[in-house]
Amino acid sequence: MHRFVTHTHKGIAALAKIIVVTSGKGGVGKTTTSASISTGLARRGHKTVVIDFDVGLRNLDLIMNCERRVVYDFVNVIQGEASLNQALIRDKRVDTLYILPASQTREKEALTKEGVEAVINELSETFDYIVCDSPAGIEHGAQMALYYADEAIVVTNPEVSSVRDSDRILGILQSKSRRAEMGQDPVKEHLLLTRYNPERVEKGEMLSVGDVEEILAIPLLGVIPESQVVLNASNQGTPVILEGDSDAGQAYEDAVARLLGEEREHRFMTAQKKGFFSRMFKG
Amino acid sequence: MTQMTTDASQCFQLKSASVSLTALELYFFDEQAFEATLRDKISQAPGFFKDIPLVVSLEKYEGVSSELDFFKLIGSCRRHNIHVIGVRGGTDDHRRMARNAALALLPAAASRDAARSQEETTASDSTEATTPVTEKAPEGKPAKIVTQPVRSGQQVYAPEGDLIILAPVQAGAEVLAAGNIHVYGPLRGRALAGIHGATGARVFCQSLEAELVSIAGHYKISEDLQESGWKTAAQILLKDDVLVALPLDKA
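Residues numbered from 1 in each chain as written. Chains lettered and ligands numbered in written order. Predicted model: local features only at pLDDT ≥ 70, side-chain atom pairs only at ≥ 80, totals over all residues. Heavy atoms only, no water.

(A) Quick look at unusual backbone geometry. One non-glycine residue, A:N65, adopts positive backbone phi at about 55°. In this fold, A:N65 is placed in the loop between α2 (60-63) and α3 (74-78). On the basis of relative accessibility, which here comes to 41%, the residue A:N65 falls in the partly exposed class. Notably, B:A102 is not glycine yet its phi reads approximately 60°, a positive angle. (Helix = DSSP H or I, 4+ residues; strand = E, 2+ residues; numbered from the N terminus. Buried < 20%, exposed > 50% of the residue type's maximum accessible area, 1.4 Å probe, protein only.)

What follows is the structure, encoded as C-alpha coordinates:
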(Lines give C-alpha, C1' and ligand atoms only; values in the text may rest on other atoms or scores of the structure.)
Protein backbone atom coordinates (compact mmCIF):
# COMPACT_ATOMS: atom_id res chain seq x y z
CA MET A 1 0.00 0.00 0.00
CA HIS A 2 1.36 3.38 -0.94
CA ARG A 3 1.03 6.24 1.49
CA PHE A 4 2.23 9.81 1.39
CA VAL A 5 4.56 11.03 4.06
CA THR A 6 3.31 14.32 5.43
CA HIS A 7 5.48 16.26 7.81
CA THR A 8 3.32 18.00 10.36
CA HIS A 9 5.67 19.20 13.04
CA LYS A 10 9.43 19.46 13.12
CA GLY A 11 9.73 16.39 10.97
CA ILE A 12 7.36 14.00 12.81
CA ALA A 13 6.05 11.97 9.93
CA ALA A 14 2.32 11.32 10.11
CA LEU A 15 2.73 7.87 8.68
CA ALA A 16 2.32 5.58 11.63
CA LYS A 17 -0.62 5.93 13.96
CA ILE A 18 0.55 6.57 17.49
CA ILE A 19 -1.60 5.07 20.24
CA VAL A 20 -0.93 5.65 23.93
CA VAL A 21 -2.23 3.22 26.52
CA THR A 22 -2.66 5.22 29.70
CA SER A 23 -4.71 5.43 32.90
CA GLY A 24 -3.29 7.68 35.59
CA LYS A 25 -3.77 4.97 38.18
CA GLY A 26 -1.36 2.07 38.48
CA GLY A 27 -2.20 -1.62 38.36
CA VAL A 28 -5.31 -1.28 36.22
CA GLY A 29 -3.95 -3.25 33.25
CA LYS A 30 -2.05 -0.84 31.00
CA THR A 31 0.79 -3.20 30.18
CA THR A 32 -1.56 -6.18 29.72
CA THR A 33 -3.59 -4.01 27.37
CA SER A 34 -0.55 -2.69 25.48
CA ALA A 35 0.66 -6.23 24.92
CA SER A 36 -2.72 -7.50 23.70
CA ILE A 37 -3.62 -4.51 21.54
CA SER A 38 -0.24 -4.44 19.83
CA THR A 39 -0.33 -8.21 19.30
CA GLY A 40 -3.87 -7.94 17.92
CA LEU A 41 -2.90 -5.16 15.49
CA ALA A 42 0.17 -7.08 14.35
CA ARG A 43 -1.80 -10.31 13.84
CA ARG A 44 -4.00 -8.44 11.41
CA GLY A 45 -0.95 -7.73 9.33
CA HIS A 46 -0.15 -4.22 10.53
CA LYS A 47 3.51 -3.68 11.28
CA THR A 48 3.40 -2.69 14.94
CA VAL A 49 5.91 -1.65 17.57
CA VAL A 50 5.11 -1.41 21.27
CA ILE A 51 7.27 0.91 23.37
CA ASP A 52 7.65 0.53 27.13
CA PHE A 53 7.74 4.08 28.57
CA ASP A 54 7.95 2.82 32.15
CA VAL A 55 11.64 3.57 32.61
CA GLY A 56 12.84 2.07 35.87
CA LEU A 57 9.89 -0.33 36.22
CA ARG A 58 10.30 -2.42 33.10
CA ASN A 59 7.41 -4.91 32.77
CA LEU A 60 6.34 -5.13 29.15
CA ASP A 61 9.18 -7.47 28.22
CA LEU A 62 7.97 -9.93 30.88
CA ILE A 63 4.40 -9.91 29.57
CA MET A 64 5.72 -10.30 26.03
CA ASN A 65 8.14 -13.02 27.13
CA CYS A 66 11.24 -11.41 25.69
CA GLU A 67 13.01 -10.39 28.89
CA ARG A 68 15.94 -12.66 28.10
CA ARG A 69 16.51 -11.02 24.75
CA VAL A 70 16.90 -7.43 25.94
CA VAL A 71 20.31 -6.02 25.00
CA TYR A 72 19.70 -2.34 24.38
CA ASP A 73 16.71 -0.28 25.45
CA PHE A 74 14.72 2.89 24.71
CA VAL A 75 17.05 5.14 26.72
CA ASN A 76 20.13 3.73 24.98
CA VAL A 77 18.57 4.71 21.65
CA ILE A 78 17.62 8.19 22.87
CA GLN A 79 21.13 8.79 24.14
CA GLY A 80 22.71 7.52 20.94
CA GLU A 81 24.33 4.48 22.56
CA ALA A 82 22.52 2.08 20.26
CA SER A 83 20.61 2.18 17.01
CA LEU A 84 16.92 1.46 16.85
CA ASN A 85 17.54 -1.77 14.98
CA GLN A 86 19.83 -2.96 17.77
CA ALA A 87 17.22 -2.23 20.43
CA LEU A 88 14.06 -3.49 18.71
CA ILE A 89 13.11 -7.04 19.64
CA ARG A 90 11.08 -9.03 17.14
CA ASP A 91 8.26 -11.05 18.67
CA LYS A 92 8.63 -14.82 18.24
CA ARG A 93 4.90 -15.48 17.79
CA VAL A 94 3.83 -12.64 15.48
CA ASP A 95 6.47 -11.57 12.99
CA THR A 96 5.02 -8.10 12.32
CA LEU A 97 5.37 -7.18 16.01
CA TYR A 98 8.37 -5.49 17.61
CA ILE A 99 9.08 -4.49 21.21
CA LEU A 100 11.18 -1.54 22.33
CA PRO A 101 11.93 -2.26 25.99
CA ALA A 102 12.36 0.31 28.73
CA SER A 103 15.55 0.80 30.65
CA GLN A 104 15.47 -0.66 34.12
CA THR A 105 18.43 1.27 35.49
CA ARG A 106 17.72 4.85 34.42
CA GLU A 107 15.47 7.63 35.61
CA LYS A 108 12.33 8.70 33.78
CA GLU A 109 13.96 12.09 33.14
CA ALA A 110 16.19 10.32 30.59
CA LEU A 111 13.16 10.53 28.28
CA THR A 112 13.52 13.96 26.69
CA LYS A 113 10.91 15.40 24.38
CA GLU A 114 13.46 15.69 21.57
CA GLY A 115 14.80 12.18 22.16
CA VAL A 116 11.34 10.60 22.16
CA GLU A 117 10.44 12.60 19.07
CA ALA A 118 13.50 11.37 17.21
CA VAL A 119 12.74 7.73 18.05
CA ILE A 120 9.05 7.98 17.18
CA ASN A 121 9.98 9.81 14.01
CA GLU A 122 12.29 7.04 12.91
CA LEU A 123 9.75 4.34 13.80
CA SER A 124 7.04 6.23 11.91
CA GLU A 125 8.88 5.66 8.67
CA THR A 126 8.56 1.89 8.76
CA PHE A 127 5.71 1.02 11.13
CA ASP A 128 1.92 1.26 10.79
CA TYR A 129 1.18 1.45 14.50
CA ILE A 130 3.24 2.66 17.44
CA VAL A 131 1.74 1.62 20.78
CA CYS A 132 3.10 3.55 23.78
CA ASP A 133 2.76 1.76 27.11
CA SER A 134 2.55 4.60 29.64
CA PRO A 135 3.81 4.43 33.22
CA ALA A 136 1.30 5.11 36.00
CA GLY A 137 0.88 8.63 37.35
CA ILE A 138 0.68 11.98 35.63
CA GLU A 139 4.34 12.95 35.88
CA HIS A 140 7.07 13.26 33.28
CA GLY A 141 7.08 9.64 32.08
CA ALA A 142 3.32 9.53 31.56
CA GLN A 143 3.39 12.91 29.82
CA MET A 144 6.15 11.78 27.47
CA ALA A 145 4.18 8.64 26.61
CA LEU A 146 1.07 10.58 25.63
CA TYR A 147 2.71 13.65 24.08
CA TYR A 148 2.90 12.43 20.48
CA ALA A 149 -0.30 10.34 20.57
CA ASP A 150 -2.96 10.40 17.86
CA GLU A 151 -5.26 8.15 19.83
CA ALA A 152 -5.47 7.21 23.49
CA ILE A 153 -6.76 4.04 25.10
CA VAL A 154 -7.70 5.00 28.64
CA VAL A 155 -7.65 1.86 30.77
CA THR A 156 -10.05 2.10 33.69
CA ASN A 157 -11.20 -0.28 36.42
CA PRO A 158 -14.82 -0.05 37.51
CA GLU A 159 -14.12 1.78 40.76
CA VAL A 160 -14.25 5.46 41.69
CA SER A 161 -10.56 6.19 42.25
CA SER A 162 -9.62 4.67 38.89
CA VAL A 163 -12.37 6.65 37.17
CA ARG A 164 -11.19 9.87 38.82
CA ASP A 165 -7.59 9.26 37.70
CA SER A 166 -8.73 8.47 34.16
CA ASP A 167 -10.60 11.75 34.12
CA ARG A 168 -7.40 13.52 35.17
CA ILE A 169 -5.38 11.90 32.40
CA LEU A 170 -8.08 12.81 29.87
CA GLY A 171 -7.64 16.42 30.93
CA ILE A 172 -3.89 16.15 30.38
CA LEU A 173 -4.46 14.61 26.94
CA GLN A 174 -6.60 17.62 26.07
CA SER A 175 -4.14 20.19 27.31
CA LYS A 176 -0.59 18.81 27.20
CA SER A 177 -0.43 16.55 24.16
CA ARG A 178 1.28 17.72 20.99
CA ARG A 179 -2.07 17.81 19.23
CA ALA A 180 -3.42 20.14 21.92
CA GLU A 181 -0.34 22.35 21.91
CA MET A 182 -0.33 22.62 18.11
CA GLY A 183 -4.07 23.31 18.01
CA GLN A 184 -4.71 20.25 15.85
CA ASP A 185 -7.66 17.84 16.07
CA PRO A 186 -7.78 16.51 19.62
CA VAL A 187 -6.39 13.10 20.56
CA LYS A 188 -9.06 10.48 19.85
CA GLU A 189 -10.07 8.96 23.17
CA HIS A 190 -11.18 5.38 23.84
CA LEU A 191 -12.40 3.92 27.10
CA LEU A 192 -11.29 0.37 27.90
CA LEU A 193 -12.88 -1.01 31.03
CA THR A 194 -10.80 -3.82 32.52
CA ARG A 195 -11.29 -6.23 35.44
CA TYR A 196 -15.02 -6.06 34.89
CA ASN A 197 -17.04 -8.46 37.03
CA PRO A 198 -20.76 -8.44 36.14
CA GLU A 199 -21.71 -10.43 39.26
CA ARG A 200 -20.13 -7.82 41.51
CA VAL A 201 -21.76 -5.04 39.50
CA GLU A 202 -25.14 -6.66 40.10
CA LYS A 203 -24.43 -6.77 43.83
CA GLY A 204 -23.57 -3.08 43.70
CA GLU A 205 -19.92 -3.69 44.64
CA MET A 206 -18.57 -2.25 41.39
CA LEU A 207 -19.48 0.59 39.06
CA SER A 208 -21.36 -0.55 35.96
CA VAL A 209 -20.23 0.12 32.37
CA GLY A 210 -23.02 2.68 32.16
CA ASP A 211 -21.82 4.48 35.29
CA VAL A 212 -18.26 4.77 34.02
CA GLU A 213 -19.33 5.83 30.53
CA GLU A 214 -21.63 8.43 32.03
CA ILE A 215 -18.91 9.92 34.22
CA LEU A 216 -16.06 9.92 31.70
CA ALA A 217 -18.16 10.75 28.64
CA ILE A 218 -15.88 9.11 26.07
CA PRO A 219 -16.68 6.27 23.64
CA LEU A 220 -16.34 2.71 24.89
CA LEU A 221 -13.73 0.61 23.10
CA GLY A 222 -14.30 -2.55 25.08
CA VAL A 223 -14.97 -4.30 28.35
CA ILE A 224 -12.45 -6.90 29.49
CA PRO A 225 -13.94 -9.29 32.04
CA GLU A 226 -12.04 -10.06 35.23
CA SER A 227 -10.47 -13.44 34.66
CA GLN A 228 -7.90 -15.83 36.02
CA VAL A 229 -6.79 -16.32 32.41
CA VAL A 230 -5.35 -12.78 32.36
CA LEU A 231 -3.15 -13.51 35.38
CA ASN A 232 -2.03 -16.88 34.04
CA ALA A 233 -1.21 -15.41 30.65
CA SER A 234 0.84 -12.63 32.26
CA ASN A 235 2.78 -15.12 34.32
CA GLN A 236 3.54 -17.21 31.26
CA GLY A 237 4.53 -14.22 29.15
CA THR A 238 1.69 -14.60 26.68
CA PRO A 239 -0.42 -11.62 25.63
CA VAL A 240 -3.92 -12.64 26.72
CA ILE A 241 -5.34 -11.91 23.26
CA LEU A 242 -3.60 -15.10 22.11
CA GLU A 243 -5.79 -17.09 24.53
CA GLY A 244 -8.52 -17.22 21.90
CA ASP A 245 -10.81 -19.50 23.90
CA SER A 246 -11.03 -17.18 26.87
CA ASP A 247 -13.53 -14.38 27.44
CA ALA A 248 -10.72 -11.89 28.10
CA GLY A 249 -8.87 -12.88 24.92
CA GLN A 250 -12.00 -12.49 22.81
CA ALA A 251 -12.82 -9.20 24.46
CA TYR A 252 -9.38 -7.85 23.49
CA GLU A 253 -9.86 -9.18 19.95
CA ASP A 254 -13.15 -7.25 19.77
CA ALA A 255 -11.44 -4.12 21.09
CA VAL A 256 -8.77 -4.32 18.37
CA ALA A 257 -11.47 -4.74 15.73
CA ARG A 258 -13.30 -1.67 17.03
CA LEU A 259 -10.04 0.29 17.14
CA LEU A 260 -9.72 -0.42 13.42
CA GLY A 261 -13.23 0.83 12.80
CA GLU A 262 -15.24 -2.41 12.81
CA GLU A 263 -18.66 -2.45 14.48
CA ARG A 264 -18.89 -5.19 17.07
CA GLU A 265 -21.44 -5.74 19.77
CA HIS A 266 -20.15 -5.51 23.33
CA ARG A 267 -19.96 -8.85 25.13
CA PHE A 268 -19.20 -10.20 28.61
CA MET A 269 -21.10 -7.40 30.30
CA THR A 270 -23.84 -9.40 31.98
CA ALA A 271 -23.59 -12.05 34.68
CA GLN A 272 -23.82 -15.63 33.50
CA LYS A 273 -26.78 -17.40 35.10
CA LYS A 274 -25.25 -20.42 36.71
CA GLY A 275 -27.09 -23.67 36.16
CA PHE A 276 -27.99 -26.02 38.98
CA PHE A 277 -25.13 -28.43 38.31
CA SER A 278 -22.40 -25.84 37.94
CA ARG A 279 -23.57 -24.29 41.18
CA MET A 280 -23.46 -27.68 42.85
CA PHE A 281 -20.08 -28.74 41.58
CA LYS A 282 -18.12 -25.56 40.96
CA GLY A 283 -19.33 -23.46 43.85
CA MET B 1 2.57 53.77 15.47
CA THR B 2 -0.01 56.05 13.99
CA GLN B 3 -1.03 58.84 16.29
CA MET B 4 -4.54 59.89 17.07
CA THR B 5 -5.53 62.78 14.86
CA THR B 6 -7.50 64.49 17.62
CA ASP B 7 -4.81 64.93 20.25
CA ALA B 8 -1.40 64.15 18.93
CA SER B 9 0.38 65.52 22.00
CA GLN B 10 -1.49 63.45 24.64
CA CYS B 11 -0.14 60.06 25.53
CA PHE B 12 -3.19 58.93 27.50
CA GLN B 13 -6.72 59.79 28.40
CA LEU B 14 -8.60 59.36 31.66
CA LYS B 15 -11.83 57.44 31.42
CA SER B 16 -14.37 56.69 34.07
CA ALA B 17 -14.71 52.96 34.74
CA SER B 18 -16.85 50.77 36.98
CA VAL B 19 -15.44 47.60 38.45
CA SER B 20 -16.72 45.17 41.06
CA LEU B 21 -14.25 44.44 43.83
CA THR B 22 -14.00 42.03 46.71
CA ALA B 23 -14.17 43.78 50.08
CA LEU B 24 -12.57 42.40 53.24
CA GLU B 25 -14.65 43.53 56.18
CA LEU B 26 -12.19 43.96 59.01
CA TYR B 27 -13.44 43.69 62.62
CA PHE B 28 -10.11 43.79 64.40
CA PHE B 29 -6.50 43.22 63.41
CA ASP B 30 -4.15 40.66 64.83
CA GLU B 31 -1.48 39.51 62.41
CA GLN B 32 -1.61 35.84 63.37
CA ALA B 33 -5.39 35.61 63.50
CA PHE B 34 -5.60 37.46 60.20
CA GLU B 35 -3.09 35.17 58.54
CA ALA B 36 -4.86 32.06 59.87
CA THR B 37 -8.30 33.19 58.72
CA LEU B 38 -6.94 34.19 55.35
CA ARG B 39 -5.22 30.84 54.85
CA ASP B 40 -8.40 29.04 55.85
CA LYS B 41 -10.54 31.02 53.39
CA ILE B 42 -8.05 30.49 50.57
CA SER B 43 -7.73 26.77 51.18
CA GLN B 44 -11.46 26.43 50.56
CA ALA B 45 -11.24 27.96 47.11
CA PRO B 46 -7.63 28.47 46.01
CA GLY B 47 -8.42 29.64 42.47
CA PHE B 48 -10.85 32.23 43.68
CA PHE B 49 -8.33 34.43 45.47
CA LYS B 50 -5.39 34.29 43.11
CA ASP B 51 -4.31 37.81 42.10
CA ILE B 52 -7.58 39.47 43.01
CA PRO B 53 -7.71 43.14 43.97
CA LEU B 54 -9.02 43.66 47.48
CA VAL B 55 -10.52 46.61 49.31
CA VAL B 56 -10.30 46.64 53.10
CA SER B 57 -13.58 47.83 54.49
CA LEU B 58 -13.15 49.62 57.82
CA GLU B 59 -16.76 50.55 58.51
CA LYS B 60 -17.14 47.78 61.07
CA TYR B 61 -13.66 47.98 62.56
CA GLU B 62 -13.91 47.73 66.34
CA GLY B 63 -10.33 46.98 67.28
CA VAL B 64 -7.78 49.35 68.73
CA SER B 65 -6.40 51.85 66.24
CA SER B 66 -2.83 51.21 67.30
CA GLU B 67 -3.17 47.55 66.37
CA LEU B 68 -4.22 48.34 62.85
CA ASP B 69 -0.96 47.81 60.94
CA PHE B 70 -1.59 48.15 57.22
CA PHE B 71 1.95 47.12 56.33
CA LYS B 72 1.50 43.76 58.08
CA LEU B 73 -1.96 43.36 56.55
CA ILE B 74 -0.67 44.06 53.04
CA GLY B 75 2.26 41.71 53.64
CA SER B 76 -0.05 38.87 54.66
CA CYS B 77 -2.19 39.39 51.60
CA ARG B 78 0.80 39.62 49.27
CA ARG B 79 2.09 36.28 50.51
CA HIS B 80 -1.19 34.80 49.31
CA ASN B 81 -1.13 36.68 45.98
CA ILE B 82 -3.88 39.09 46.98
CA HIS B 83 -3.42 42.76 46.12
CA VAL B 84 -4.76 45.27 48.63
CA ILE B 85 -5.56 48.37 46.62
CA GLY B 86 -7.34 50.58 49.09
CA VAL B 87 -9.53 51.06 52.13
CA ARG B 88 -13.18 51.91 52.36
CA GLY B 89 -14.62 54.00 55.19
CA GLY B 90 -12.82 54.19 58.54
CA THR B 91 -11.96 57.07 60.80
CA ASP B 92 -9.68 59.91 59.77
CA ASP B 93 -6.89 58.27 61.76
CA HIS B 94 -7.32 54.97 59.95
CA ARG B 95 -7.43 56.65 56.61
CA ARG B 96 -4.25 58.61 57.29
CA MET B 97 -2.52 55.37 58.19
CA ALA B 98 -3.85 53.72 55.04
CA ARG B 99 -2.57 56.63 52.99
CA ASN B 100 0.88 56.26 54.56
CA ALA B 101 0.80 52.64 53.38
CA ALA B 102 0.16 53.90 49.84
CA LEU B 103 -3.42 52.63 49.76
CA ALA B 104 -6.18 54.36 47.85
CA LEU B 105 -8.98 55.91 49.91
CA LEU B 106 -12.51 54.96 48.92
CA PRO B 107 -15.65 56.42 50.43
CA ALA B 108 -17.63 54.40 52.97
CA ALA B 109 -20.30 52.20 51.43
CA ALA B 110 -23.30 53.35 53.47
CA SER B 111 -22.88 57.10 53.35
CA ARG B 112 -21.16 57.31 50.04
CA ASP B 113 -22.35 60.74 49.03
CA ALA B 114 -21.53 62.31 52.34
CA ALA B 115 -18.14 60.71 52.34
CA ARG B 116 -17.40 61.70 48.78
CA SER B 117 -17.40 65.38 49.57
CA GLN B 118 -15.06 64.70 52.43
CA GLU B 119 -12.99 62.52 50.17
CA GLU B 120 -12.49 65.33 47.72
CA THR B 121 -11.13 67.59 50.37
CA THR B 122 -8.70 65.04 51.79
CA ALA B 123 -7.58 63.38 48.63
CA SER B 124 -5.00 65.13 46.56
CA ASP B 125 -5.76 65.98 42.96
CA SER B 126 -3.78 63.03 41.71
CA THR B 127 -6.30 60.57 43.10
CA GLU B 128 -9.27 62.39 41.68
CA ALA B 129 -9.57 60.12 38.69
CA THR B 130 -9.56 56.84 40.65
CA THR B 131 -12.21 54.37 39.65
CA PRO B 132 -15.43 54.71 41.59
CA VAL B 133 -16.60 51.51 43.23
CA THR B 134 -20.16 50.77 42.24
CA GLU B 135 -22.35 47.71 42.59
CA LYS B 136 -23.09 47.72 38.89
CA ALA B 137 -22.69 44.32 37.23
CA PRO B 138 -20.36 44.16 34.26
CA GLU B 139 -22.41 44.90 31.17
CA GLY B 140 -22.14 43.54 27.70
CA LYS B 141 -19.20 41.29 28.48
CA PRO B 142 -19.31 38.27 26.18
CA ALA B 143 -19.80 34.91 27.86
CA LYS B 144 -17.05 32.35 27.66
CA ILE B 145 -18.32 29.13 26.08
CA VAL B 146 -16.66 25.76 26.67
CA THR B 147 -17.75 22.67 24.73
CA GLN B 148 -15.26 20.11 26.07
CA PRO B 149 -15.68 18.37 29.44
CA VAL B 150 -13.78 20.14 32.22
CA ARG B 151 -11.73 17.27 33.64
CA SER B 152 -10.31 16.63 37.09
CA GLY B 153 -7.40 18.99 37.71
CA GLN B 154 -8.45 21.46 35.04
CA GLN B 155 -9.58 25.01 35.70
CA VAL B 156 -11.69 27.24 33.49
CA TYR B 157 -11.85 30.92 34.34
CA ALA B 158 -14.03 33.65 32.88
CA PRO B 159 -12.57 36.84 34.39
CA GLU B 160 -15.36 38.93 32.89
CA GLY B 161 -18.96 37.96 32.31
CA ASP B 162 -20.59 34.54 32.29
CA LEU B 163 -19.21 31.07 31.80
CA ILE B 164 -21.21 28.54 29.80
CA ILE B 165 -20.14 24.90 29.73
CA LEU B 166 -21.83 22.48 27.34
CA ALA B 167 -20.29 19.40 28.94
CA PRO B 168 -19.76 17.88 32.37
CA VAL B 169 -17.63 19.59 35.01
CA GLN B 170 -15.89 16.62 36.61
CA ALA B 171 -14.98 15.97 40.23
CA GLY B 172 -11.69 17.71 40.94
CA ALA B 173 -12.25 20.37 38.27
CA GLU B 174 -12.82 24.06 39.03
CA VAL B 175 -14.83 26.62 37.06
CA LEU B 176 -14.82 30.32 37.95
CA ALA B 177 -16.61 33.33 36.53
CA ALA B 178 -17.17 36.99 37.28
CA GLY B 179 -20.81 36.48 36.34
CA ASN B 180 -23.10 33.44 36.18
CA ILE B 181 -22.04 29.87 35.51
CA HIS B 182 -24.20 27.61 33.35
CA VAL B 183 -23.36 23.92 33.14
CA TYR B 184 -25.37 21.97 30.58
CA GLY B 185 -24.34 18.68 32.10
CA PRO B 186 -23.60 17.40 35.57
CA LEU B 187 -21.68 19.74 37.87
CA ARG B 188 -19.40 17.46 39.88
CA GLY B 189 -16.48 19.79 40.59
CA ARG B 190 -16.26 23.26 42.09
CA ALA B 191 -18.13 26.23 40.69
CA LEU B 192 -17.40 29.78 41.84
CA ALA B 193 -19.63 32.48 40.40
CA GLY B 194 -19.44 36.22 41.02
CA ILE B 195 -15.79 35.99 42.00
CA HIS B 196 -15.38 39.76 41.95
CA GLY B 197 -18.23 40.14 44.38
CA ALA B 198 -21.33 40.12 42.15
CA THR B 199 -23.89 38.90 44.67
CA GLY B 200 -26.55 38.57 41.98
CA ALA B 201 -24.60 35.89 40.13
CA ARG B 202 -26.07 32.39 39.97
CA VAL B 203 -24.95 28.88 39.17
CA PHE B 204 -27.14 26.72 36.94
CA CYS B 205 -26.58 23.06 36.24
CA GLN B 206 -28.40 20.03 34.90
CA SER B 207 -27.38 17.84 37.79
CA LEU B 208 -26.12 19.27 41.05
CA GLU B 209 -23.35 16.98 42.30
CA ALA B 210 -20.84 19.70 43.13
CA GLU B 211 -17.93 19.53 45.55
CA LEU B 212 -18.38 23.23 46.25
CA VAL B 213 -20.52 26.07 44.99
CA SER B 214 -19.66 29.68 45.74
CA ILE B 215 -21.32 32.97 44.90
CA ALA B 216 -19.49 36.20 45.67
CA GLY B 217 -17.42 34.42 48.30
CA HIS B 218 -20.34 32.74 50.06
CA TYR B 219 -19.93 29.04 49.60
CA LYS B 220 -21.38 25.65 50.45
CA ILE B 221 -19.56 22.35 50.29
CA SER B 222 -21.01 19.10 48.98
CA GLU B 223 -22.11 17.94 52.43
CA ASP B 224 -24.28 21.02 52.89
CA LEU B 225 -25.76 20.84 49.41
CA GLN B 226 -27.36 17.40 49.81
CA GLU B 227 -30.70 18.55 51.24
CA SER B 228 -32.03 20.48 48.29
CA GLY B 229 -31.80 19.88 44.57
CA TRP B 230 -29.05 17.25 44.83
CA LYS B 231 -28.57 15.29 41.60
CA THR B 232 -31.33 17.24 39.89
CA ALA B 233 -31.39 20.24 37.59
CA ALA B 234 -30.91 23.17 39.94
CA GLN B 235 -29.89 26.77 40.27
CA ILE B 236 -27.95 28.17 43.20
CA LEU B 237 -28.35 31.77 44.22
CA LEU B 238 -27.60 34.04 47.13
CA LYS B 239 -30.55 34.94 49.35
CA ASP B 240 -29.89 37.09 52.42
CA ASP B 241 -26.21 36.08 52.40
CA VAL B 242 -27.12 32.38 52.34
CA LEU B 243 -26.72 30.08 49.36
CA VAL B 244 -29.97 28.48 48.28
CA ALA B 245 -30.37 25.65 45.77
CA LEU B 246 -33.67 25.63 43.91
CA PRO B 247 -34.87 22.96 41.50
CA LEU B 248 -34.94 24.37 37.98
CA ASP B 249 -38.33 22.96 36.97
CA LYS B 250 -40.01 24.99 39.72
CA ALA B 251 -38.14 28.18 38.99
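(B) Main features of the nonpolar core. Residues and elements named next belong to chain A. Ranked by size, the top nonpolar core spans 51 residues in total, and within it F53, F74, L100, L111, V116, L123 and I130 carry the most contacts. Contacts of V116, omitting those with residues within four sequence positions, involve F53, F74, I78, L111, M144 and Y148. Judged by nonpolar contacts, the second largest core, of 35 residues, contains I99, V230, Y252 and L259. (Core = buried A, V, L, I, M, F, W, Y, C linked by side-chain atoms within 4.5 Å. Contact = heavy atoms within 4.5 Å.)

(C) Representation of the packing of helix α6 (residues 140-147) of chain A against helix α7 (residues 160-176) of chain A in the model. All names here are of chain A. As a packed pair, α6 and α7 sit with axes 10 Å apart at the nearest point and diverge in direction by 60°. Relative to α7, the element α6 lies oblique. Like other packed secondary-structure pairs, α6 and α7 cross with a definite hand, here right-handed. Residue-level contacts link Q143, L146 and Y147 of α6 to I169, I172, L173 and K176 of α7. (Axes fitted to C-alpha atoms, helices over the stretch in contact; angles between N-to-C directions. Parallel < 35°, antiparallel > 145°, perpendicular 65-115°, else oblique. Left-handed = near helix turned anticlockwise from the far one by under 90°.)

(D) A look at the UniProt feature "binding site: ATP" (unreviewed entry) in chain A. Residues and elements named next belong to chain A. The UniProt record annotates "binding site: ATP" (unreviewed entry) at K25, G26, G27, V28, G29, K30, T31 and T32. In this structure, V28 is in contact with S23, V155, N157, S162 and T194, ignoring residues within four places of it in sequence. Along the chain, T32 falls in helix α1 (residues 30-43). Here T32 falls in the buried class, since its relative accessible area comes to 15%. Ignoring any residue separated from it by four or fewer positions in sequence, one finds T32 in contact with I63, V230, S234, V240 and Y252. (UniProt positions renumbered as here; feature names shortened; annotations may be inferred.)

(E) View of the interface of chain A and chain B. Contact with chain A, which involves 13 residues of that partner, is made by 12 residues of chain B. Summed over both sides, the interface between chain A and chain B buries roughly 950 Å², with carbon and sulfur atoms accounting for 37% of that surface. Of all residues in chain A, A:R164, A:D167 and A:Q174 bury the most surface against chain B, accounting for 47% of the area lost on that side. Put simply, chain A and chain B have 2 salt bridges between them. A:D167 is paired through a salt bridge with B:R151; the nearest N and O atoms lie 3.0 Å apart. The interface formed by chain A and chain B contains 7 residue pairs in polar contact (both at pLDDT 80 or more). For the side of chain A that touches chain B, the secondary structure elements donating two or more residues are α7 and α10 (209-216) of chain A. (Buried area = accessible area lost by both parts, 1.4 Å probe. Salt bridge = Lys/Arg side-chain N within 4 Å of Asp/Glu carboxyl O. Polar contact = N/O pair within 3.5 Å; in protein donor to acceptor, adjacent residues only side chain to side chain.)

(F) Molecular detail of the pattern of salt bridges. Residues and elements named next belong to chain A. Summed over the entire model, instances satisfying the criterion amount to 23 salt bridges over all chains. The partner of R264 in a salt bridge is D254, with the nearest N and O atoms 2.9 Å apart. Note that R264 is positioned in the loop between α12 (247-259) and α13 (276-282) and D254 in helix α12, a separation of 10 residues in sequence. In this structure, R267 engages D254 in a salt bridge whose closest nitrogen and oxygen atoms are separated by 3.0 Å.

(G) Region of the structure containing the sheet that holds strand β7 (residues 163-165) of chain B. Residues and elements named next belong to chain B. Strands sit in the order β5-β7-β9-β11-β14-β15 across an open sheet of 6 strands; the sheet is mixed. Sheet topology places β5 (144-146) and β15 (242-247) at the edges, where each strand pairs with a single neighbour. Looking at each pair of strands side by side, their axes are set apart by 25° on average, direction ignored. The sheet contact formed by β5 and β7 spans 3 bridges and is parallel. Bridged to K144 within β7 is L163. (Pairing = 2+ DSSP bridges.)

(H) Structural view of the packing of aromatic side chains. Residue and element names in this part refer to chain A. Summed over all chains, the structure comprises 4 aromatic pairs over all chains. A ring pair is formed by F53 and F74, whose centres lie 5.1 Å apart and whose planes are at 80°; its orientation type is edge-to-face. Of this pair, F53 sits in the loop between β4 (48-52) and α2 while F74 is found in helix α3, placing the two residues 21 residues apart along the sequence. Across the ring face of F127, the terminal group of K47 is positioned such that the distance to the ring centre comes to 4.7 Å. (Phe/Tyr/Trp six-rings, centres within 6.5 Å; stacked < 30°, edge-to-face > 60°. Lys NZ or Arg CZ within 6 Å of the ring centre and 35° of its normal.)

(I) The arrangement of the confidence of the model for chain A in detail. When pLDDT is averaged along chain A, the result is 91, and 91% of the positions lie at 70 or above. Contacts of residues 1-13 of chain A to residues separated by more than four positions or lying in other chains number 25 contacts, the stretch itself having pLDDT below 50. (pLDDT = per-residue confidence, 0-100.)

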